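# Residue-level structural notes
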Amino acid sequence: MTDLSTTWLGLHLEHPLVASAGPLSQTLDGIRALEDGGAAAIVLFSLFEEQIRHENAATEALIGAGAESFPEALDYFPVVEDYEVGPEPYLELIRRAREATAIPIIASLNGVTSEGWIDYARKIEEAGASALEINLYYIPADLGESARDVEERYLHVLRAVKGAVRIPIAMKLGPFFSAFGEMARHCAAFGADGLVLFNRFYQPDFDLEALEVAPTLHLSRPDEIRLPLLWLAILRGRLDVSLAASTGVHSRDEVVKYLLAGADAVMSTSALLKHGPGHLDTLVRGLRDWLDERGYRSVEQMKGSMSQRNVADPAAFERANYIRILESFRPPR
């Protein structure tokens, strides 16, 4: 039988299909459903920096309340460093998920600074997470902030968290860097064990009736795989990190393409929200059928076989392909 196993972040997976961070992993029942549906690993929904800050601020306010009038009251509170602050339910979910499942459970931290992350990264490790995904969601709206400033912000968080824990760290990045290849190389140099391509930035819209900024959420589409497909193919074999794809995975075809480009793991949430957790098994069976039809013995055999370093015409990934597309286009009659 075809061997579908792969290695992601040093973790052995039975196959490459991973449930990425999303609403389905917010409860233990949802996590069990994802495992039953066929997930090889699960990335939990993200713990946001704003939640950490809110909990820390609330605790500090509680400890400081009435201090000027009744300073002796402070004796009844532990010092801030010893106080158990933060969203404890998230940590408890990690503990329960590890006990209830037989697959890797990967935690996710979402934010823009290292504030509060180090302590929670340690707590996440202690709770039993198999790995930690750092999901940096940052829009550089300050017109005086340089590209290097933005990169340093990301790398500062990575270095701080990597130095605090022993579990593997994955960096989930967006594509909007001046030189994404260099940024990926810096992440590897600063200790990232893996890269997840790409983060989807949820962009606002305008409500023309209320004249308000309206948040919008659109599920990914299969045609969104092309940008991560390009960078997976470019990075494969050039960096000593695991690579994962995380955009537009709805059918077997996207799974196969990502693996051919060089992904070690393929993540999906939108398709699972649309079709249910059992869709994972459909994707796994589709991958197996594709490999069997073409005589592949394993996923490892086909991974990266169409990366830039392995194709006969590497220029197909670069500007020559752009020119070829323009020359070959014919408008519909």
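Every chain is numbered on its own, with residues counted from 1 as its sequence reads. Two thresholds apply to this predicted model, a pLDDT of at least 70 for residue-level local features and 80 or more for giving and counting side-chain atom pairs, whereas whole-chain, interface and lining totals are computed over all residues. Heavy atoms throughout the structure, all of them, feed into the side-chain values; hydrogens and water do not.

So, about the overall build of the protein chain. Numbering goes from the N terminus for both helices and strands, where a helix is a DSSP run of H or I of at least four residues and a strand is a run of E of at least two. A count of helices and strands for the protein chain gives 12 helices and 13 strands. Relative accessibility thresholds used throughout: buried, under 20% of the residue-type maximum; exposed, over 50%; partly exposed, between the two (1.4 Å probe, protein chains only). Evaluated residue by residue, the protein chain yields a buried proportion of 49% over its 333 residues. Carbon and sulfur atoms form 52% of the exposed surface of the protein chain, whose accessible area is close to 17300 Å². We get accessible surface area from the Shrake-Rupley algorithm with a probe of 1.4 Å; when it comes to residues, only the shown protein chains can shield them.

Moving on to empty space enclosed by the protein. A pocket, in this scheme, is an open set of points on a 1 Å grid over the protein atoms alone with protein on both sides within 12 Å along at least 5 of 7 lines, while a cavity is a set where a 1.4 Å probe fits but cannot get out; residues line either one if an atom lies within 4 Å of a point. Grid points are joined across faces, edges and corners, and a volume is the space filled by probe spheres set on the points. If you walk through the whole model with that rule in mind, you get one cavity of 30 Å³ or more. There is about 40 Å³ of room inside the largest cavity. Lining the largest cavity, in full, are Ala-19, Ser-20, Gly-22, Leu-24, Ser-25, Leu-34, Ser-268, Thr-269 and Leu-272. Each residue gets one label: Ala, Val, Leu, Ile, Met, Phe, Trp, Tyr, Cys and Pro are nonpolar, Asp, Glu, Lys and Arg are charged, and the others, such as Gly, are polar. Of the residues that constitute the lining of the largest cavity, the class distribution is four nonpolar, five polar and no charged.

An axis is simply a line fitted to the C-alpha atoms; with a helix, the fit covers only the stretch in contact. Between two such axes, the angle follows the N-to-C directions and lies from 0 to 180 degrees. Viewed as axis vectors pointing N to C, helix 3 (residues 88-100) and helix 4 (residues 117-127) meet at an angle of 25 degrees, and their least axial separation amounts to 8 Å. Regarding the angle of helix 3 to helix 4, the classification is roughly parallel. Here the hand of the crossing between helix 3 and helix 4 comes out right-handed. Contact with helix 3, carried on its side by Tyr-90, Leu-91, Ile-94 and Arg-95, involves Lys-123, Ile-124 and Ala-127 of helix 4 and no other residues of that element. Here the residues of the contact of helix 3 with helix 4 sort into five nonpolar, no polar and two charged. In this scheme, roughly parallel covers angles under 35 degrees and roughly antiparallel covers those over 145, while 65 to 115 is roughly perpendicular and the rest are oblique. Two helices that cross are described as forming a left-handed crossing if the nearer one is turned anticlockwise from the farther one by less than a right angle, and a right-handed crossing if clockwise. Throughout, a contact is declared for two residues whenever any of their heavy atoms are within 4.5 Å.

Surface patches are drawn from residues lacking salt bridges whose relative accessible area is over 30%; two like charges belong together within 9 Å, two nonpolar side chains (Val, Leu, Ile, Met, Phe, Trp, Tyr) within 5 Å. Whenever Lys or Arg places a side-chain nitrogen within 4 Å of a carboxyl oxygen from Asp or Glu, that contact is recorded as a salt bridge. Together, Phe-206, Leu-208 and Val-213 make up a nonpolar patch on the protein surface, roughly 390 Å² of accessible area in all. One can find Val-213 in strand 11 (residues 212-214). Classification of Val-213 as exposed rests on a relative accessible area of 58%.

What follows deals with the pairing of strand 9 (residues 194-197). Along strand 9, one buried face is formed by Gly-194 and Val-196 and the opposite face, lined by Leu-195 and Leu-197, is buried too. Handedness is read with the strands pointing away from the viewer; a crossover is right-handed when the path from the first strand over the helix to the second is clockwise. Crossover handedness for the path strand 8 (residues 169-173) to helix 6 (residues 180-189) to strand 9: right-handed. Strands pair, by our definition, only if DSSP identifies at least two bridges between them. Inspection of the sheet shows strand 9 paired to strand 12 (residues 242-245) by four bridges, in the parallel sense. By the bridge assignment for strand 12, Leu-197 is matched with Ala-245.

What follows is about the nonpolar core. Among buried residues, those of type Ala, Val, Leu, Ile, Met, Phe, Trp, Tyr and Cys that are joined through side-chain atoms within 4.5 Å constitute a nonpolar core. In terms of nonpolar packing, the biggest core is built from 77 residues, with Met-171 and Leu-195 touching the most fellow members. Grouped together as the second largest cluster of nonpolar side chains are 15 residues, Leu-11, Ala-41, Ala-170 and Met-267 included.

Right, let's get into the side chain of Thr-269. Turning to its location among the elements, Thr-269 is positioned in the loop between strand 13 (265-268) and helix 9 (270-275). By the criterion applied in these results, polar contacts are pairs of N or O atoms within 3.5 Å in which, for protein atoms, one can donate a hydrogen and the other can accept it, and in which residues neighboring in sequence qualify only through two side-chain atoms. Side-chain polar atoms of Thr-269 contact the backbone oxygen of Ala-21, separated by 3.4 Å. The residues contacting Thr-269, other than those within four sequence positions of it, are Ser-20, Ala-21, Gly-22 and Pro-23.

Here a pair means two rings of Phe, Tyr or Trp (six-membered ring of Trp) with centres within 6.5 Å. Their orientation is stacked below 30 degrees between planes, edge-to-face above 60, and tilted elsewhere. Under the counting rule described, the total for this entry stands at six aromatic pairs. Aromatic ring contacts, followed pair by pair, group Tyr-154, Phe-177, Phe-180, Phe-198 and Trp-231 into a single cluster. Any Lys NZ or Arg CZ that is within 6 Å of a ring centre and within 35 degrees of that ring's normal is treated as a charge sitting over the ring. Here the guanidinium or amino end of Lys-123 rests over the ring plane of Tyr-120, the centre of that ring lying 4.9 Å away.

This part covers the environment of Gln-301. Relative to the elements of secondary structure, Gln-301 occurs in helix 11 (residues 299-302). Under the relative-accessibility criterion, Gln-301 is labelled partly exposed at 36%. Separated by 41 residues in sequence, Gln-301 and Leu-260 place their C-alpha atoms 9.6 Å apart. Among the polar contacts listed, one links the side chain of Gln-301 to the backbone nitrogen of Arg-297, at a separation of 2.8 Å.

Turning to unusual backbone geometry, a few remarks are in order. Residue Leu-197 is joined to Phe-198 through a cis peptide bond whose omega torsion reads 0 degrees. Even without a glycine there, the phi angle at Leu-9 is positive, about 60 degrees. By the secondary structure assignment, Leu-9 is in the loop between strand 1 (6-8) and strand 2 (11-13). In the Ramachandran plot, Leu-211 falls in the positive-phi region, its phi being about 50 degrees despite a non-glycine side chain. One can find Leu-211 in the loop between strand 10 (205-207) and strand 11. On the accessibility criterion, Leu-211 (72% relative accessible area) is exposed.

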